Amino acid sequence: MNIQANMSKLFDCRDTFAETLERLAHENDTVVAVCNDSVGSSKLGGFKAKFPDRLVNVGIAEQNMVGVGAGLANGGRLPYVCGASPFLTGRSLEQIKADISYSNANVKLVGISSGMAYGELGPTHHSIEDFAWTRVLPNLPVIAPCDRIETAAAVEWAATYQGPCFLRLSRVGVPDLLPSDHKFELGKANVLRPGDDVTLIANGTLTHRIFKAAAILAERGVSARVLNLATVRPIDEEAIIAAARETGAILTAEEHSIFGGLGSAVAEVVVDNAPVPMKRLGVPGIYAPTGSAEFLLDEFGMTPSAIADAAQALVKRK
């Protein structure tokens, strides 16, 4: 895959989400947005100005918000239900289970400011459990795009997909990684860099960090394969099994608890099909403290150099 060269310029994927949603709304008059007093944080100001009758703001009532989204879908609308990920998933998990997943409602759930993006607001606002909560639900694809290009592609894909899905977006700036013509495919990983000694797997805000880690490893003589695994469910078992068999070691990194998230999902595939040494980087089963997302990721051992060190130690276990 042709990776973008400029890793220094960062973009907020919420801007791309909003721009893409407005374009979809121009093309399809069934597209509506539903939010929980989060017009600003969901970047829906432009949508509200252009389509005032197609934005439903339920206030700070996430459980109602999900129910309203399900009702709109049952009435033939195409709702994108947007809210801060810790509250969209945590507070309204029962409604997501019963009204969306179990009912297979055509609702697009959009978790904004996921991971530790609300860092300075502390543990109540960290969303480091949302993969675990959502990926166990049938009928609910779980997707965490790695950059603005994949964000736009996933939002467009969601409009064509008949059924619910959960898009996990951050407000933390990330560089462009994927080619501008990238097309999102549900359940398909992207090999961003080939490698034979170890495989690094991430999604969302961590993908560019593992890509940088692979460059550091190359300088040390270690060949690291880099997989962008945007779809947590359904997961790309074929790519994971191939990585295990061909590189012999797998490291995952995520802006999430190491329990129940991306690393756990990958480990389930590995242990069932091709057991190899693994290392899961993430929040180590604690309430992450207050601090910026960048600071916390660094503190939890996910600087590119720390990821490279962990991968190099993993290679020695082969």
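Residues numbered from 1 in each chain as written. Predicted model: local features only at pLDDT ≥ 70, side-chain atom pairs only at ≥ 80, totals over all residues. Heavy atoms only, no water.

Visitor: Before we move on, could you go through the overall build of the protein chain and cite the residues and values that matter?
Guide: A count of helical and extended segments in the protein chain gives 12 helices and 12 strands. Radius of gyration (C-alpha) of the protein chain: 19 Å, near the 20 Å computed for a compact globule of 318 residues. Across its three principal axes, the protein chain shows a C-alpha extent of roughly 60 × 35 × 35 Å. Considering only contacts in the protein chain between residues 6 or more positions apart, those separated by 24 or more positions represent 78%. (Helix = DSSP H or I, 4+ residues; strand = E, 2+ residues; numbered from the N terminus. Rg over C-alpha atoms; globule rule 2.2 N^0.38 Å. Contact = heavy atoms within 4.5 Å.)

Visitor: I'd like a rundown of the sheet that holds strand β12 (residues 278-283), residues and numbers included.
Guide: Within the open sheet, the five strands sit side by side as β7-β9-β8-β11-β12. Their pairing is mixed. Edge strands, defined here as strands with exactly one partner in the open sheet, are β7 (190-193) and β12. In this sheet, neighbouring strand axes are inclined to one another by 25° on average, regardless of whether the strands run parallel or antiparallel. Sheet topology note: the strand β8 (residues 198-202)/strand β9 (residues 224-228) ladder contains five bridges and is parallel. The residue of β9 that forms the bridge with Ala-202 is Asn-228. Seen against the sheet, helix α9 (residues 237-247) touches β8, β9 and β11 (250-257) and runs at an angle of roughly 170° to β9. (Pairing = 2+ DSSP bridges. Axes fitted to C-alpha atoms, helices over the stretch in contact; angles between N-to-C directions.)

Visitor: Outline the nonpolar core, supporting the account with residue identities and numerical values.
Guide: With 38 residues, the main nonpolar core has Met-116, Val-198, Leu-200, Leu-251, Met-302 and Ile-307 as its most contacted residues. Not counting residues up to four positions away in its chain, the partners in contact with Met-116 are His-126, Ile-128, Glu-255, Val-283, Ala-288, Ala-293, Leu-296, Leu-297 and Phe-300. Within the second largest apolar cluster, 37 residues are counted, among which are Val-34, Met-65, Phe-166 and Ile-250. (Core = buried A, V, L, I, M, F, W, Y, C linked by side-chain atoms within 4.5 Å. Buried < 20%, exposed > 50% of the residue type's maximum accessible area, 1.4 Å probe, protein only.)

Visitor: Outline the packing of aromatic side chains, listing residues and values.
Guide: Each aromatic ring pair is summarised here by two numbers: the centre-to-centre distance and the angle between the ring planes. This structure, assessed with the given rule, holds three aromatic pairs. Aromatic side chains Phe-47 and Phe-51 sit 5.1 Å apart centroid to centroid with 50° between the ring planes, which places their arrangement in the tilted category. Phe-51 matches Phe-47 in its accessibility class, with the two residues each being buried. Ring centres 4.7 Å apart and planes at 25° place the aromatic pair Trp-157 and Tyr-161 in the stacked group. The buried category is assigned to Trp-157, whose relative accessible area is 13%. Within the aromatic cluster, the residues linked to one another by ring pairs are Trp-157, Tyr-161 and Phe-184. (Phe/Tyr/Trp six-rings, centres within 6.5 Å; stacked < 30°, edge-to-face > 60°.)

Visitor: Describe the packing of helix α8 (residues 207-219) against helix α12 (residues 304-315), and please don't skip the residues or the numbers.
Guide: Axis separation between α8 and α12 bottoms out at 8 Å; the angle between their running directions is 60°. When the interaxial angle is binned, α8 and α12 end up oblique. Here α8 runs over α12; the crossing is right-handed. Of the residues in α12, those in contact with Arg-209, Ile-210, Lys-212, Ala-213, Ile-216 and Leu-217 of α8 are Pro-304, Ser-305, Ile-307, Ala-308, Ala-311 and Gln-312. The residue makeup of the contact of α8 with α12, split by class, is eight nonpolar, two polar and two charged. (Parallel < 35°, antiparallel > 145°, perpendicular 65-115°, else oblique. Left-handed = near helix turned anticlockwise from the far one by under 90°. Nonpolar A, V, L, I, M, F, W, Y, C, P; charged D, E, K, R; others polar.)

Visitor: Go over helix α5 (residues 93-101) with me, naming the residues and quoting the values.
Guide: Every buried residue belonging to α5 is among Gln-95, Ile-96, Ile-100 and Ser-101, and all of these are buried. Axial view of α5: buried residues confined to an arc of 150°, hence all on one face. Projecting away from the buried face of α5 at angles above 90 degrees are the exposed residues Glu-94 and Lys-97. At its buried positions, α5 is contacted by α3 (62-74), α4 (85-90) and β4 (108-112). (Arc of directions from axis to C-beta.)

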